[in-house]
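# Commentary on secondary and tertiary structure
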Amino acid sequence: MILVGMLIISLYLLIEVGYYSYSTNADSNPQDTPYLKIPKIGVNQSINNQSVDHGIYFEPQSFKPTNGTTILFGHRTLHGSPFLKLDQLKPGDKIYVEWPGIGNVTYSMVNSTIVDASYQMPVEQGNNLFLITCYPLGSNAQRLIIQAEYETIMPINQPSGSVENPQISMGIMLICALFVGGMILGRVYPVAEDRIWIFIATLVLTLLLVFAYFYPVPTDALESWLSQLNHMLEF
Amino acid sequence: MNLGKSLMILVLLFSILGVFTFVNSMAVVSAQNESPGGTDSPGGQTWIAYNASNVRMTALTATITLTIKNNKDYVQYFKISHLYTGSLQENQTIKFIVDWTDPVAERMIDPVSPELGGDYGWAIQAGETKTVKFKVSATGLMGNEPSWIADAGAVDNTFWPIIPDMGLQASWFMPNEIEMLNPNLDLKSWCGTFTFTATNFASYPVAGLIRGPIIPTDSALTSSDPQAFVDNDIAFNTNVAAWDVHIDPQESQGFTYTYKWPIVANGTPTGNGQCFVPATAANNTTTVPTQETGSPYGLLVLAVLIVAAGLGYAKFLR
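Residues numbered from 1 in each chain as written. Chains lettered and ligands numbered in written order. Predicted model: local features only at pLDDT ≥ 70, side-chain atom pairs only at ≥ 80, totals over all residues.

### Re the overall build of chain A
- Looking only at helices and strands, chain A has four helices and nine strands in total.
- Start at the N end of chain A and walk to the C end: the helices and strands fall as α-β-β-β-β-β-β-β-β-β-α-α-α.
- Looking at chain A as a whole, 45% of its 235 residues qualify as buried.
- For chain A, restricting intrachain contacts to residue pairs at least 6 apart in sequence, the fraction spanning at least 24 positions comes to 66%. (Helix = DSSP H or I, 4+ residues; strand = E, 2+ residues; numbered from the N terminus. Buried ≥ 20, exposed ≤ 12 C-beta atoms within 10 Å, placed from the backbone. Contact = placed C-beta atoms within 7 Å.)

If you want it as structure tokens, here you go:
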């Protein structure tokens, strides 16, 4: 039973380790990377155009800042949880998008709304910024949409990308946490003859995460499977 | 490990989770069963019946913006209701007339209230998500005839020496009731701004609490003028706009309040008072699906519980 629990925990950790491994590599060329900054909720992260699983994702059918409606997606749980605290934004809070070739664009939060997951987001809504994440926390049944109005644009003086990625060691920390946690569990497990299996499982799962850290693989299928399992159990 | 005992622990674990789920479900069902427009108070307060209120309301209007989706594969219609059966004094009904609509509404073939100008509504095509806005004004009671919302459950006074003065009552309704009336329609968002005028008809100054006469449930108060406070003792999941007023004889005061449904993420009011509704996903507008941006972590919690239960089982039962 404990081994099943450990396996499930390590699958969640696998998703996170894969994300942190990617984000460490993605920020290697910060001069060309756009950034989203929301001081109120501590967001200062690069924007990518590959996948929402890699952090903050720019919807390719929307427009770059000042050219039309900009739509950014971000995870609320796992994948670094960049939009974990998005619901804490209040009208008037400033949101900055630093986009190489365009400038440092300031938006002001005006409103928030919640829609079903099936909602189709129109991409022609003026010079507005929309930040979209899942709602409620720990569920993907609905979407939280934050609308922000364009305010000003300034030249980029000091690209944010020059700041060292604060998440660079998170992947390694998660691997260490699994290893240490597994070892402690094996140590305190009261049945001596079963401890060896917990130690072996800890070692195997740790090696799996180490492999995923150095050779990140897409975790879409794994996440989809976990989501389906959650829905089956009605979580 | 002993498979039988392991299964027993798992069954016990799921039983506990099942009980929690059942209790939560019952709470939700109980909340849903509360009748809209009713006056049951969850705050444990006793309302004392009184004679005619000194302060009465007129010029009641509602400007409503809503986005609704037709989930069916053929056209559906929805229309504006003229009648509000809140707990008006003497069980009267508030009758509304339609001032304007945007986009232009059509006259329906089956009017419920032909005496109030006929019914106006909109077609919503298969799969279409439509945003409409309209304004209605009360006619008769609460229009040009002063009235107020009474508490149907108020009791005769048998208390002494002091009793609470609860002020004017509110009534409430469910913005998404349309989904129950026609399950093919899915209300995406709702925002309404209400205005009314309160007048002191006594020959002396009066003080007390007045509340918004019509309040949507499960909605956030996003703005008010004058600044209202939220009374959440009136009905379950209802944030009633209330004002502490001092009104001189024959003096009138205007009030405005705006609600948005559903309640925003953290349950606190947001917005600038304007009714922002996600733009309509019309057929000629480019739209994008919203990404999967969250992974349910109920399974993760279960995994932690499984590890803890396994540890406990090995220590105490094995």
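On we go.
### A closer look at the overall build of chain B
- If you tally the helices and strands in chain B, you get three helices and 16 strands.
- Looking at the 318 residues of chain B, the share that counts as buried comes to 35%.
- The long-range fraction of contacts in chain B, counting pairs at least 24 apart against all pairs at least 6 apart in sequence, stands at 78%.

### Observations regarding helix H2 (residues 170-188) of chain A
Residue and element names in this part refer to chain A.
- For H2, with 19 residues, the first-to-last C-alpha span of 27 Å sits near the 27 Å given by 1.5 Å per residue.
- Buried within H2 we find Gly171, Leu174, Ile175, Leu178, Gly182 and Leu185. Down the axis of H2, the buried side of the element spans an arc of 100°, and every buried residue falls inside it. Summarising the geometry of H2, the exposed residues directed more than 90 degrees from the buried face are Met173, Val180, Ile184, Arg187 and Val188. (Expected span 1.5 Å × (residues − 1). Arc of directions from axis to C-beta.)

### Observations concerning unusual backbone geometry
Residue and element names in this part refer to chain B.
- In this model, tryptophan 160 is joined to proline 161 through a cis peptide bond whose omega is 15°.
- Among the structural elements, proline 161 can be located in the loop between strand E7 (129-139) and strand E8 (171-173).
- Residue tryptophan 261 is joined to proline 262 through a cis peptide bond whose omega torsion reads 0°.
- The residue methionine 142 is not glycine, and still its phi comes out positive at about 75°.
- Locating methionine 142 in the fold gives a position in the loop between E7 and E8.
- Given 30 C-beta atoms within a 10 Å radius, methionine 142 is considered buried.
- Here the phi dihedral of glutamine 250 falls at roughly 65°; this positive angle occurs in a residue that is not glycine.
- Looking at glutamine 250, the number of C-beta atoms within 10 Å reads 10, which means it is exposed.

### Things to note about the nonpolar core
- Membership of the largest hydrophobic core comes to 45 residues, with the highest contact counts inside it found for B:Ile94, B:Ala198, B:Ala241 and B:Tyr257.
- Every element with two or more residues in this core is listed here: strand E1 (55-70), strand E4 (94-102), E7, strand E9 (185-200), strand E11 (214-216), strand E12 (220-225), strand E14 (240-247) and strand E15 (252-261) of chain B.
- Here the element with the most residues in this core is E9(B); it accounts for six residues.
- In this view, B:Tyr257 contacts B:Phe194, B:Gly212, B:Leu221, B:Ser224, B:Ala228 and B:Ala241; residues no more than four positions away in its chain are not counted.
- In terms of nonpolar packing, the next biggest core, distinct from the first, is built from 37 residues, A:Val105, A:Ile114, A:Leu144 and A:Ile146 among them. (Core = buried A, V, L, I, M, F, W, Y, C linked by C-beta atoms within 7 Å.)

### Some remarks on the sheet that holds strand E3 (residues 56-58) of chain A
Residue and element names in this part refer to chain A.
- Sheet architecture is closed into a barrel: eight strands sit in the order E1-E2-E3-E4-E8-E9-E6-E5, paired in mixed fashion. Taking the axes of each pair of neighbouring strands and ignoring which way they run, one obtains an average angle of 30° across the sheet.
- One ladder, built from three bridges, connects strand E1 (residues 35-38) with strand E5 (residues 94-99); its direction is antiparallel. Among the inter-strand pairings, tyrosine 35 is bridged to a residue of E5, identified as glutamate 98. (Pairing = 2+ DSSP bridges. Axes fitted to C-alpha atoms, helices over the stretch in contact; angles between N-to-C directions.)

### A look at the interface of chain B and chain A
- Taken together, the contact between chain B and chain A spans 41 residues of the former and 60 residues of the latter.
- Contributing elements (two or more residues each) for the side of chain B that touches chain A: helix H1 (3-33), E9, strand E16 (287-289) and helix H3 (298-317) of chain B.
- When residues of the side of chain B that touches chain A are assigned to their parent elements, the largest contribution, eleven residues, is made by H3(B).
- A per-class count over the side of chain B that touches chain A returns 21 nonpolar, 16 polar and four charged. (Nonpolar A, V, L, I, M, F, W, Y, C, P; charged D, E, K, R; others polar.)

### Some words on the environment of A:Asn128
All names here are of chain A.
- In this structure, asparagine 128 sits in strand E8 (residues 128-135).
- On the basis of neighbour counts, which here come to 16 C-beta atoms within 10 Å, the residue asparagine 128 falls in the partly exposed class.
- Residues asparagine 128 and threonine 69 lie 59 residues apart in sequence; the distance between their C-alpha atoms is 5.0 Å.
- Non-local contacts of asparagine 128, meaning those with residues more than four positions away in its chain, are made with Thr69, Gln147, Ala148, Glu149 and Tyr150.

### Description of helix H3 (residues 192-214) of chain A
- With 23 residues, H3(A) ought to run about 33 Å at 1.5 Å a step, and its terminal C-alpha atoms sit 34 Å apart, in line with that.
- Looking only at H3(A), the buried set comprises A:Ile198, A:Thr202, A:Leu205, A:Leu209 and A:Ala212.

### A few points about the confidence of the model for chain B
All names here are of chain B.
- Residues of chain B with pLDDT of at least 70 account for 77%, and the chain-wide mean is 80.
- Predicted confidence for residues 266-273 stays below pLDDT 50, and this span has 22 contacts to residues more than four positions away or in other chains.
- Within the model, pLDDT remains below 50 along residues 277-284, and this stretch shows 22 contacts once partners closer than five positions in the same chain are excluded.
- In the predicted assembly, ipTM is 0.72 and pTM is 0.50. (pLDDT = per-residue confidence, 0-100.)

### Things to note about the packing of H2(A) against H3(A)
All names here are of chain A.
- The contact between H2 and H3 brings their axes to 8 Å, and the two run at 175°. When the axis of H2 is compared with that of H3, the two are roughly antiparallel. On H3, the residues that touch Gly171, Ile175, Leu178, Phe179, Gly182, Met183, Leu185 and Gly186 of H2 are Arg195, Ile198, Phe199, Ala201, Thr202, Leu205, Thr206, Leu209, Val210 and Tyr213.
- Taken together, the residues of the contact of H2 with H3 sort by class into twelve nonpolar, five polar and one charged. (Parallel < 35°, antiparallel > 145°, perpendicular 65-115°, else oblique.)

### What to know about the confidence of the model for chain A
Residues and elements named next belong to chain A.
- In the predicted model, chain A carries a mean pLDDT of 82, and the fraction of residues at 70 or more is 90%.
- No element of chain A has a lower mean pLDDT than helix H4 (residues 220-232), at 76, and none a higher one than strand E4 (residues 70-73), at 94.
- Every residue in residues 161-165 is under pLDDT 50, and counting partners more than four places away or in other chains gives ten contacts.

### So, the sheet that holds strand E6 (residues 120-124) of chain B
Residues and elements named next belong to chain B.
- Pairing in this open sheet of three strands is antiparallel, and the strands run E2-E6-E5 from one edge to the other. Looking at strand neighbours, the two that pair on one side only are strand E2 (76-79) and strand E5 (106-107), the edges of this open sheet.
- With two bridges connecting them, E5 and E6 associate as antiparallel partners. When the sheet's bridge partners are listed, glutamate 106 is paired in E6 with glycine 121.

### What about the pairing of E4(A)?
All names here are of chain A.
- Along E4, one buried face is formed by Thr70 and Leu72 and the opposite face, lined by Ile71 and Phe73, is buried too.
- Alignment of E3 against E4, held across two bridges, turns out to be antiparallel. From the neighbouring strand, phenylalanine 58 faces E4, where its bridge partner is leucine 72.
- Taken together, the four bridges between E4 and E8 define a ladder with parallel strand orientation. Note on E8: the bridge partner recorded for phenylalanine 73 is isoleucine 132.

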